Amino acid sequence: MCAILALSASNLFAQKQPNVIFIAVDDLNDWVGCMGGNPQVITPNIDKFAESALIMNKAYAPSTVCCPSRTALLTGKHATYTGVYGNSQDLRNAPKAANLVTLPEYFGKHGYYTLSTGKIFHEHGQDNSKYYTERVETSGKAGKLWSEQPQVEGIKSGGTDFAWGATTAKVDETKDYLAAKWAADQLKRDFDKPFFIALGISKPHLPWFVPQEFFDMYPLDKLVPVEIFRDDLDDIVRADGKKIFSADNRFLLADKTNKHKNAQQAYLACVSYVDYCLGLLFDELAKSKYADNTIVMIWGDHGWHLSEKLKYGKTDLWEESCRVPFIVKVPEVTKGGKTDGVVNLIDMYPTLIELCGLPANKEIDGRSFARLLANPKMEWNEPTLSTYQYMNHSLTDGRYRYTWYGGKADGAEELYDHVSDPLEHNNLASNPKYKEVIERMKKYLPTHHEPDSPRTKGGEKSDAEGKKGKKPKGEN
């Protein structure tokens, strides 16, 4: 077994390779109790699970939309290598990605039985069972008890409908519950080899429809909405002084219809629904024969804005877009708590390889953080990369966030000091006092920028996120 883990558990997995449960939660930000992103959120199951895990408090996505983020973490290669920058692209259509061995495939090739349900890969109507030994699809009942969708003449939300409400389906009839139950049921099986279970949870992706009981957890008259800073975008400018960003359409829809609290209630309801579903899996794991020999990684594929920066949605390169919930449990190693070590979701691939004693994959980016799991207080602050669209990059070392718009705004920059400004309201890029910080961060910018990979059919009309020089549009 790897020598690094021996630092804290000399006999860890000595007799048997560990199993892996790999849980993706679509569009989940840090509004999770143990993450502290919103003190009103109710997530008892995740919080309890985290008591014996390690909360990666400064974890970041390789990109801020689903397809490029998932492509990067599953192939182990950044978008600047694959050319997969947006949701209208597919990794198997990208010449440089087509032959990469994905994470579940790598485990399958090295003796693991791999199983999956729900969204792990971001595919466009293609069968992704090819990545696994066993793949099942789950679907819940449709139907709405009530629905709400702010509408203002002349304003379109873009991407998936900006809508929410209660389902007519009971909890145990919904898609994510059924997916979690399927994963839980696998733990009752006998496997003759170690397993890798990938579970994809679809909420809190829009539209926000979950059973009424989860809305009832957040009465509107008691809900405290996110504070809005209406001048927050004014200091993000091009060289000629023109603003790069303005309020997005979803924000305008919520703002003009006075629905900020309603939208945030719906997101919170979805997060609590996700927590309820995952509780089913956590409970089954705890009582199963695999409890002491299974690594669990829970991650969101990117962040999500809920009125911060005058925005509802993902994309762009601020902290709310880039930072993700990431919780890792390794039996006999993690013992609760948080680490401020800076990690990226792309680091999961090499880390899991090391934890499971598999041969190193020399083709992948990222670096294993196995040492950090064993020693959460150690210094681990090498700048990590998030990319959105062609030649637009953000780097953070845990204190500073530096963003460079080489593709969209002719080299415009942002810099924030999270010690004094954790919500990134004050752009320091034009302050000469921070010139050395910017120069240091620039050294970590990519030197190669792969052109856009081919788009899926119809993608050219619906997706502008990879086109050089274009302002991003809403994505699903």
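Below you will find a few notes about this structure. (Residues numbered from 1 in each chain as written. Predicted model: local features only at pLDDT ≥ 70, side-chain atom pairs only at ≥ 80, totals over all residues. Heavy atoms only, no water.)

Across the sheet, which stays open at both edges, the eight strands sit in the order β4-β3-β7-β1-β9-β12-β2-β13 with mixed pairing between neighbours. With one partner strand each, in any of the chains shown, β4 (134-135) and β13 (338-344) form the two edges of the open sheet. Sitting on the sheet, helix α8 (residues 260-287) touches β1 (19-25), β7 (195-201) and β9 (294-300), and the angle it makes with β1 is about 175°. (Pairing = 2+ DSSP bridges. Helix = DSSP H or I, 4+ residues; strand = E, 2+ residues; numbered from the N terminus. Contact = heavy atoms within 4.5 Å. Axes fitted to C-alpha atoms, helices over the stretch in contact; angles between N-to-C directions.)

On to unusual backbone geometry, then. The omega torsion across K203 and P204 is 10°, close enough to zero to call that bond cis. You can see P204 is positioned in the loop between β7 and β8 (208-210). Phi at E332 is positive, roughly 70°, even though this residue is not glycine. Relative to the helices and strands, E332 is located in the loop between β12 (326-329) and β13. Overall, E332 belongs to the partly exposed group, its relative accessible area being 48%. (Buried < 20%, exposed > 50% of the residue type's maximum accessible area, 1.4 Å probe, protein only.)

With 78 residues, the main nonpolar core has I21, I23, F162, W208 and I327 as its most contacted residues. Top element by residues in this core is α8. It accounts for 14 residues. Dropping the residues within four chain positions of it, I21 is found in contact with L187, F195, I197, L281, L285, T294, I295, V296 and M297. (Core = buried A, V, L, I, M, F, W, Y, C linked by side-chain atoms within 4.5 Å.)

Take the sheet that holds strand β6 (residues 164-167) next. The three strands are arranged β5-β6-β8 in an open sheet whose pairing can be described as mixed. This sheet does not close on itself; its edge strands, each paired only once, are β5 (144-148) and β8. Going across the sheet, the axis of each strand differs from the next one's by a mean of 10°, ignoring polarity. As paired elements, β6 and β8 share three bridges and run parallel to each other. In the strand pairing of β8, W164 is matched with W208. The strands touched by α8 within the sheet are β5, β6 and β8, with β8 carrying the most contacts at an inclination of about 50°.

Applying the stated criterion to the full structure yields 26 salt bridges. A salt bridge links R189 to E134, with the nearest nitrogen and oxygen atoms 3.2 Å apart. Taken as a pair, R189 in the loop between α5 (175-186) and β7 and E134 in strand β4 lie far apart in primary sequence, 55 residues in all. R189 sits in the partly exposed class, given a relative accessible area of 28%. When the shortest N-O distance is used, the salt bridge between R440 and D397 registers 3.2 Å. Placement of the pair is R440 in helix α12 (residues 435-442) and D397 in the loop between β15 (392-396) and β16 (400-405), with a sequence separation of 43 residues. Judged by its relative accessible area of 34%, R440 is partly exposed. Connected through salt bridges with shared partners, the residues D26, R70, K119 and D301 form a single ionic network. (Salt bridge = Lys/Arg side-chain N within 4 Å of Asp/Glu carboxyl O.)

Attention now moves to the environment of S88. Relative to the helices and strands, S88 is located in the loop between α3 (79-82) and α4 (103-109). Expressed as a C-alpha distance, the spacing of S88 and V32, which sit 56 residues apart in the sequence, is 29 Å. In this structure the side chain of S88 is engaged in a polar contact, spanning 2.7 Å, whose partner is the side chain of R455. (Polar contact = N/O pair within 3.5 Å; in protein donor to acceptor, adjacent residues only side chain to side chain.)

For helix α2 (residues 66-75), a buried count of ten out of ten residues is recorded, marking the element as mostly surrounded by other parts of the structure. Residues of α2 that are buried: C66, C67, P68, S69, R70, T71, A72, L73, L74 and T75. Summarising the contacts, the buried residues of α2 are in contact with β1, α3, α4, β9 and α10 (348-355).

A separate point is the environment of K96. Along the chain, the position of K96 falls in the loop between α3 and α4. Leaving out residues up to four positions away in the same chain, K96 has contacts with Y81, T82, H448 and E450. Here E450 takes part through its side chain, which lies 3.2 Å from a polar atom of the side chain of K96.

Glancing now at the side chain of E320. Of note, E320 is situated in helix α9 (residues 319-322). Among buried Asp, Glu, Lys and Arg side chains, E320 stands out as unpaired, with K309 the closest opposite charge at 5.2 Å. In contact with E320, other than residues within four places in its own chain, are G303, W304, H305, E308 and L423. (Lys, Arg positive; Asp, Glu negative; His and termini not counted.)

Residue placement: E439 occurs in helix α12. A relative accessible area of 40% places E439 in the partly exposed class. It is 53 Å that separates the C-alpha atoms of E439 and A142, two residues lying 297 residues apart in sequence.

Taken N-terminus to C-terminus, the directions of α5 and α8 make an angle of 10°; their axes are 8 Å apart at the nearest point. Between α5 and α8, the angle falls in the class roughly parallel. Contacts from K175, D176, Y177, A180, K181, A183 and A184 of α5 reach α8 at Y273, Y276, C277, L280, L281 and E284. Classifying every residue of the contact of α5 with α8 gives nine nonpolar, no polar and four charged. (Parallel < 35°, antiparallel > 145°, perpendicular 65-115°, else oblique. Nonpolar A, V, L, I, M, F, W, Y, C, P; charged D, E, K, R; others polar.)

For the rest of this paragraph, the subject is the state of the cysteines. Any covalent bond linking the sulfur atoms of two cysteines counts as a disulfide. Counted by the stated rule, this structure contains zero disulfides. Of the cysteine sulfurs around C322, a residue in no disulfide, the closest is that of C66, at 14 Å. (Disulfide = S-S within 2.5 Å.)

The next thing to look at is α12. Taken residue by residue, α12 has V437, I438 and M441 as its buried positions. Seen along its axis, α12 keeps its buried residues to an arc of 95°; they face one direction. Every exposed residue of α12 that faces more than 90 degrees away from the buried side is listed here: K435 and E436. Next to the buried residues of α12 lie β15, β16 and β17 (412-417). (Arc of directions from axis to C-beta.)

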